[in-house]
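# Structural features, examined
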Amino acid sequence: MALPSLTGKSLRPARPLWAVCGEKMLELLIRFCGVSAIIFVLAIFFFVFKEAAPVLWSKNFNLTQFLCSPEWYPTSVSNVRYGVLALIVGTACVSGLAVFLAVPFSLGAAVFISEFCGPKLKEVLKIVIELLAAIPSVVWGFIGLTVTSKIVQQMTGAPVGVNILNGGIILALMCVPIIASISEDALKAVPDTYREAALALGATRWQIVYRVLLPAAKNGLLAAVLLGVGRAVGETMAVLMATGHAVNIPHGILDSVRTLTANIAAELGEAPAQSEHYRILFLTGILLFFITFVINVTADFVVRGIRQK
Amino acid sequence: MSDTPAFSITTRDLNLWYAKFQALININVDIKHGIITSLIGPSGCGKTTLLRCFNRINERYTYVTTQGEIKLLGKNIYDPDVSLVELRKSVGMVFQRPNPLPISIYENVVFGIRIHNESRQSTRSDLDAAVEKALTEVGLWKDLKDRLNQRATGLQLEQQQKLCIARLLPLKPEIILMDEPCSALDVEGTRAIEELMFELKGRYTIVIVTHNMAQARRASDECIFMLMGEFIEHSPTAELFVNPKNPKTAEYIEGRYG
């Protein structure tokens, strides 16, 4: 008796044509969705670069001056100067202060939520933190402009309330929910067996946190902090409203500054399309792109370094 | 009460509830000092729950209620003046799945020393000596002495489980609780852990929960049989398997249920 051949008449009826085609189509669609992320990033980069590129060969432009001069006079009639150093310093100060304030708070909150508080309080806190993350940035900017700036002025005696400290506080408030909720996920992902192991050896809760959980969750925690940094660097509207918008290399945290993002938001609408000023603003966009790229790549290397240990 | 009580663990009228469900019903057992006692019984009979009462680790779940008395070496561990940290220092626990911490082998062994001596840091040479001693006792020193700084989670399961036993030893526990320590291991690993238990016997009181009746028979001096949260029988192993007093025990060891 011959065995049924696999090439000839199949053992079971073939699937209908539409099902086979449908599956192929679906596969194609999903593949496209996956690839589209790459396409979009490349397209954005290409567009921004295309708008900025011509200025690189203009006679008024000088890359050293662009990066190292604090003088930003894009609309001067007699002597146009495009120096973004003050804006870079502004971004660095405001986001640096924000991260400095936000990280301890949010890690503390995450540890409390995942390890110390009861189940009911935990639910409430998680919902509140999610709400906090959902507040639009313009509302934060509004609070920064009207509420915290007054408080900052009263507490510190600064001549203007909209300064680095004020912007940093607002930005920190915006970063906390992101860092806290992602850190909480990272801590939750630490296997319970580690906690039991330490507990059975007589560790106190606090010892479990800093001897077991923090080392075990450090990749996730680092990722959370870096997302916070990304948010701080990229945030526009709130810092535009809360930092005073003065192009100025600050000498203390009570000075007003302007950030790269706020500068683009405020000036792009006014700059004549295709003009030099317009192209320089796009170049600033590329600079921002580059900064976040460097942060992400560094993060990736750090995380890999930790993993190998 | 004498200075060296004959029993390491005694429980009186021990009841335990997980929320509404009663998992232990009036447990009275006396576990002798310096021998291996195994807790046997079908799944869900409460043997692991009972084991987890002895170092009060059940209490990490807030919905657990415990009533009754457990005396460890003559001291009721539910007395208000008992320090959980000290209790868990003298009662070590080995878990079903090997759970070394995600730090180096060296740090795993000295973890206990470090957490119990927060204020005064031990010197490096003390710690080195403790690591060598503990790893030698469990038979890992020869294999691991050159890679103490590797991550413990990368070891073979058998080595991980031995390491989990080794990290208890620097704390000089009185009692070692083992919750199905071999269920994640192969035949060789199981044999190695059982041999290790024999070597540790005498210096430590060992209580082991096991599903594996053959293991209970091979590796323990006395057996406690439990069923549906109740204590059924406690006899020397040889006697329990050959000549069980209670018909329920007889049925279980014959394999009528389980």
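Note that the structure is a prediction, hence the values are computed from the model and not measured. (Residues numbered from 1 in each chain as written. Chains lettered and ligands numbered in written order. Predicted model: local features only at pLDDT ≥ 70, side-chain atom pairs only at ≥ 80, totals over all residues. Heavy atoms only, no water.)

## Topic: the overall build of chain B
Secondary structure summary: chain B contains 10 helices and 11 strands in total. Relative to the globule expectation of 18 Å for 258 residues, the C-alpha radius of gyration of chain B, 19 Å, shows essentially globular dimensions. Expressed along its principal axes, the backbone C-alpha trace of chain B runs to roughly 55 × 45 × 35 Å. Residue burial in chain B is summarised as follows: out of 258 residues, 54% are buried. Considering only residue pairs separated by 6 or more positions, chain B has 67% of its internal contacts joining residues 24 or more positions apart. Accessible surface computed for chain B: about 11,600 Å², of which carbon and sulfur atoms make up 49%. (Helix = DSSP H or I, 4+ residues; strand = E, 2+ residues; numbered from the N terminus. Rg over C-alpha atoms; globule rule 2.2 N^0.38 Å. Buried < 20%, exposed > 50% of the residue type's maximum accessible area, 1.4 Å probe, protein only. Contact = heavy atoms within 4.5 Å. Areas by Shrake-Rupley, 256 points an atom, 1.4 Å probe, with all protein chains shown as cover.)

## Let's talk about the overall build of chain A
Scanning chain A from N- to C-terminus turns up 12 helices and 2 strands. Ordering the α and β elements of chain A from the N terminus gives α-α-β-β-α-α-α-α-α-α-α-α-α-α. Each of the three principal axes of chain A carries a C-alpha extent, and together these read 100 × 60 × 35 Å. Going through the 309 residues of chain A one by one, you find that 40% of them count as buried. Once local pairs closer than 6 in sequence are excluded, the contacts in chain A between residues at least 24 apart make up 69%. Distance between charge centres in chain A, computed from 23 positive and 17 negative side chains, equals 7 Å. (Lys, Arg positive; Asp, Glu negative; His and termini not counted. Charge placed at Lys NZ, Arg CZ, Asp CG, Glu CD.)

## Description of the nonpolar core
Note on soluble globular proteins: their nonpolar side chains tend to be buried together. Counting 88 residues, the largest nonpolar core has Phe111(B), Leu135(B) and Ile176(B) as the members making the most contacts within it. In terms of residues, this core owes the most to one element, helix H3 (residues 105-116) of chain B, which gives 7 residues. Counting 47 residues, the second-largest nonpolar core is a separate cluster that includes Val103(A), Ala224(A), Ile286(A) and Leu288(A). (Core = buried A, V, L, I, M, F, W, Y, C linked by side-chain atoms within 4.5 Å.)

## Describing helix H1 (residues 17-52) of chain A
Side chains of residues three or four places apart in an α-helix project in the same direction, reflecting 3.6 residues per turn. Residues and elements named next belong to chain A. Between its terminal C-alpha atoms H1 stretches 51 Å, which fits the 52 Å expected from 36 residues at 1.5 Å a residue. A maximum bend of about 35° is found in H1 at Val35. Where H1 is concerned, the buried positions are Ala19, Ser36, Val48, Glu51 and Ala52. (Expected span 1.5 Å × (residues − 1). Bend = angle between axes of the 7 residues up to and from the residue.)

## A short note on unusual backbone geometry
Unlike most non-glycine residues, Lys172(B) shows phi in positive territory, near 50°. As for its position among the elements, Lys172(B) is in the loop between helix H6 (157-166) and strand S8 (175-179).

## Observations concerning the side chain of Ser256(A)
All names here are of chain A. Inspection of the secondary structure puts Ser256 in the loop between helix H10 (237-242) and helix H11 (260-267). What makes Ser256 buried here is its relative accessible area of 12%. At 2.7 Å, the side chain of Ser256 and the backbone oxygen of Val162 are in polar contact. With residues near it in sequence (within four places) discarded, Ser256 still touches Val160, Val162, Asn163, Thr243, Gly244, Ala246 and Asn248. (Polar contact = N/O pair within 3.5 Å; in protein donor to acceptor, adjacent residues only side chain to side chain.)

## As for the pattern of salt bridges
Tallying each qualifying case throughout the model produces 25 salt bridges over all chains. Residue Glu71(A) pairs with Arg81(A) through a salt bridge whose shortest N-O separation is 3.0 Å. Taken together, the residues span a long stretch of sequence, with Glu71(A) in the loop between helix H2 (63-68) and strand S1 (72-73) and Arg81(A) in strand S2 (residues 81-82) at a distance of 10 residues. A relative accessible area of 34% places Glu71(A) in the partly exposed class. For Arg52(B), the salt bridge identified is with Glu196(A), shortest N-O distance 2.5 Å. Taken together, the residues Arg52(B) in helix H1 (residues 47-53) and Glu196(A) in helix H7 (residues 192-200) connect one chain to another. Just as Arg52(B) is buried, Glu196(A) falls in that class too. (Salt bridge = Lys/Arg side-chain N within 4 Å of Asp/Glu carboxyl O.)

## Regarding the side chain of Thr91(A)
Residue and element names in this part refer to chain A. Looking at where Thr91 falls in the secondary structure, it is placed in helix H3 (residues 85-116). Its relative accessible area of 8% is what places Thr91 among the buried residues. Non-local contacts of Thr91, meaning those with residues more than four positions away in its chain, are made with Gly96, Val233, Arg258, Thr259 and Leu260.

## With respect to the packing of H3(B) against helix H4 (residues 124-137) of chain B
Residues and elements named next belong to chain B. As a packed pair, H3 and H4 sit with axes 10 Å apart at the nearest point and diverge in direction by 110°. As far as their axial angle goes, H4 and H3 are roughly perpendicular. Crossing geometry of H3 relative to H4 is assigned as right-handed. Contacts from Ile105, Tyr106, Val109, Val110, Ile113 and Arg114 in H3 reach Arg124, Leu127, Asp128, Ala130, Val131, Ala134 and Leu135 in H4. Considering only residue class, the contact of H3 with H4 consists of 10 nonpolar, no polar and 3 charged. (Axes fitted to C-alpha atoms, helices over the stretch in contact; angles between N-to-C directions. Parallel < 35°, antiparallel > 145°, perpendicular 65-115°, else oblique. Left-handed = near helix turned anticlockwise from the far one by under 90°. Nonpolar A, V, L, I, M, F, W, Y, C, P; charged D, E, K, R; others polar.)

## Looking at the interface of chain A and chain B
Taken together, the 19 residues of chain A in the interface contact 24 residues of chain B. Here chain A packs against chain B, burying approximately 2,000 Å² in sum over the two surfaces, 61% of which is carbon and sulfur. Summed over the three residues of chain A that lose the most area to chain B, namely Glu196(A), Leu201(A) and Arg211(A), the buried surface amounts to 35% of that side. The tally of links from chain A across to chain B stands at 3 salt bridges. One can count 6 residue pairs in polar contact (both at pLDDT 80 or more) joining chain A with chain B. Counting only elements with at least two residues in the side of chain A that touches chain B, the list comes to H7 and helix H8 (205-216) of chain A. (Buried area = accessible area lost by both parts, 1.4 Å probe.)

## Quick word on the packing of H6(B) against helix H7 (residues 187-200) of chain B
Working note: a packed helix pair is described by the angle between its axes plus the distance between those axes. Residue and element names in this part refer to chain B. Look at H6 against H7: their axes get within 9 Å of each other, and the N-to-C directions meet at 20°. By the angle between their directions, the pair H6 and H7 is classed as roughly parallel. Like other packed secondary-structure pairs, H6 and H7 cross with a definite hand, here right-handed. Taking contact as the criterion, the partners of Glu158, Gln161, Lys162 and Ile165 in H6 are, on H7, Glu188, Gly189, Ala192, Ile193, Leu196 and Leu200. Per-class residue counts for the contact of H6 with H7 are 5 nonpolar, 2 polar and 3 charged.

## Quick look at H6(B)
All names here are of chain B. Summarising burial for H6: 8 of the 10 residues are buried, a large majority. Every buried residue belonging to H6 is among Gln159, Gln160, Gln161, Lys162, Leu163, Cys164, Ile165 and Ala166, and all of these are buried. Elements that come into contact with the buried residues of H6 comprise strand S7 (91-94), H3, H4, helix H5 (141-144), S8 and H7.

## What about the pairing of strand S10 (residues 222-227) of chain B?
Residues and elements named next belong to chain B. With 6 of 6 residues buried, S10 lies mostly within the body of the structure. Where burial is concerned, the two faces of S10 agree: the one with Glu222, Ile224 and Met226 and the one with Cys223, Phe225 and Leu227 are both buried. Sheet topology note: the S10/strand S11 (residues 230-236) ladder contains 6 bridges and is antiparallel. Each residue of the ladder has a partner; that of Met226, found in S11, is Phe231. Joining the antiparallel neighbours S10 and S11 is a turn of 2 residues, in which Met228 adopts a positive phi near 50°. (Pairing = 2+ DSSP bridges.)

Everything listed here is a matter of coordinates, which is why it stays silent on function.
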